[in-house]
Amino acid sequence: MKAAVLRELNKPLVIEEVGLPKLAQGQVLVQMQMAGVCGTQKIEVYGGRGPDKYLPHLVGHEGVGIVMDVGPSTTKVAIGDQVALTWIRPRGAVCESIRYSSAKGTVNAGPIATFCETPVVCQHCVIRINPAVKPEIAVLAGCALPTGMGAVKKAMPANPQGAVCILGLGGVGLAAVCGAKICGWPLIAAADLWETRTDRAVKLGATHVVNAAKEDIFAMSQKITKNKGFDLVVECAGSERAMETAVGLAKPQGGKVIYVGNLEAGRKIQIDPFCLIEGRWLGGSWGGNIDPEADISSYWAGIFS
């Protein structure tokens, strides 16, 4: 198959022909329809994860495709199924790395790769979906949708009189806005540096938007929440400024902050510990902290039914 191979960090991906390995137990061969490009994938390619001992290797961790073949004892999906491909796996799932052949030698891959034509994928990384859903929509189920929605839904129950704030309105942040809307948060504030993104957030359910490049987000927070602060703040921007800002936006005595965004290796943030002493809670979200088998299908129904 043709595949985009990462041979050197911070260099363009190389399109190459690679040979497919024989399917092992628990593996699936997928004909890709569409792949998503995640910010964390860009960080990896540009060397933001630090030294990469697996070079050369395939990349891509979210997509949608059709099952072409299955390995021995693989019963989760069948030939012809449309599936979402996702890096988010059930807790405790064991997936073997996959190796492809090429004219230049072995090309490594993890249990999933999507920047290629027909990858071999661990069965834990595929979820059967409704074939009526168009690939350009279905691809969202691989990362942005479950990560953003899950971060909101798993953080805390919606407060009927409360307020949530989403920082960063890329694919994950907009999915978080959808999650807040579906969960029933009455006040949903969304902030970004770009008006095109805040405009989209309004269409998806945000009740208030902030252009963080032009407006004082703390002043806007006080106005929006009547000086109470937000019950829940979800950081999806992946920047030091957003992460540091998020903590101060949460209300004392019970406000919760969830980090979803990723920073490059070695970059740090500074937080005033008194913000935590006042009773705010700070944590992170790994893929929305979801159970992919149960949650992706339920989130799917909530948005696309």
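These notes cover the structure that comes with them.

### A closer look at the side chain of D295
Relative to the elements of secondary structure, D295 occurs in helix α9 (residues 292-304). Side-chain polar atoms of D295 contact the side chain of K154, separated by 3.1 Å. Apart from the residues lying within four places of it in its own chain, the contact partners of D295 are K154 and I290.

### Examining the sheet that holds strand β13 (residues 208-211)
Taken together, the 6 strands give an open sheet; going across it, the order is β13-β12-β11-β14-β15-β16, and neighbouring strands pair in parallel fashion. Edge positions in the sheet fall to β13 and β16 (281-284), since each has one partner strand and no second. The mean inter-strand angle of the sheet, taken between neighbouring strand axes irrespective of direction, is 15 degrees. Alignment of strand β11 (residues 163-167) against strand β12 (residues 187-192), held across 5 bridges, turns out to be parallel. Counted as the bridge partner of L167 is A191 from β12. Taken strand by strand, helix α5 (residues 195-204) contacts β12 and β13, and its axis lies near 175 degrees from that of β13.

### Overview of the packing of helix α3 (residues 144-153) against helix α4 (residues 171-183)
Between α3 and α4, the least distance of the axes is 7 Å, while the angle of their chain directions is 45 degrees. Considered as vectors, α3 and α4 are oriented oblique to each other. For the pair α3 and α4, the sense of crossing is right-handed. Residues A144, L145, T147, G148, M149, V152 and K153 of α3 form the contact with α4, whose own contacting residues are G171, V172, A175, A176, G179, A180, I182 and C183. Among the residues making up the contact of α3 with α4, the classes are represented as 10 nonpolar, 4 polar and 1 charged.

### Some points on the pattern of salt bridges
Counted by the stated rule, this structure contains 8 salt bridges. Between R197 and D192 there is a salt bridge; the shortest N-O distance is 3.4 Å. For R197, a relative accessible area of 32% gives the class partly exposed. Owing to a relative accessible area of 7%, D192 belongs among the buried residues under this scheme. One salt bridge connects E195 with K214, and the closest N-O pair in it is separated by 3.3 Å.

Cut-offs used in this document
- The residue numbers shown here count from 1 along each chain, following its written sequence.
- Local features are withheld for residues below a pLDDT of 70 in this predicted model, meaning they are given only at 70 or higher, and side-chain atom pairs are given and counted only at 80 or more; totals for whole chains, interfaces and linings count all residues.
- Neither water nor hydrogens contribute to the side-chain values; these are computed over all heavy atoms in the structure.
- Numbering goes from the N terminus for both helices and strands, where a helix is a DSSP run of H or I of at least four residues and a strand is a run of E of at least two.
- Polar contacts, as counted here, are pairs of nitrogen or oxygen atoms within 3.5 Å of one another; within protein the pair requires one atom able to donate a hydrogen and one able to accept it, and residues that are adjacent in sequence qualify only if both atoms are side-chain atoms.
- When checking whether two residues touch, look at their non-hydrogen atoms; a contact exists if any pair is within 4.5 Å.
- When DSSP finds at least two bridges between two strands, those strands are taken to pair.
- Every angle, taken between N-to-C directions, lies between 0 and 180 degrees, and every axis is a line fitted to C-alpha atoms, over only the stretch in contact when it is a helix.
- Here the word oblique covers every angle except those under 35 degrees (roughly parallel), over 145 (roughly antiparallel) and from 65 to 115 (roughly perpendicular).
- Crossing handedness follows the turn of the near helix against the far one: under a right angle anticlockwise gives a left-handed crossing, and clockwise gives a right-handed one.
- Under the grouping applied here, Gly and all other residues not named as nonpolar or charged are polar, the nonpolar ones being Ala, Val, Leu, Ile, Met, Phe, Trp, Tyr, Cys and Pro and the charged ones Asp, Glu, Lys and Arg.
- The term salt bridge refers to a pairing of a side-chain nitrogen on Lys or Arg with a carboxyl oxygen on Asp or Glu at a separation within 4 Å.
- Accessibility here uses a 1.4 Å probe with only protein chains present; expressed as a share of the type maximum, an area under 20% marks a residue as buried, one over 50% as exposed, and anything in between as partly exposed.

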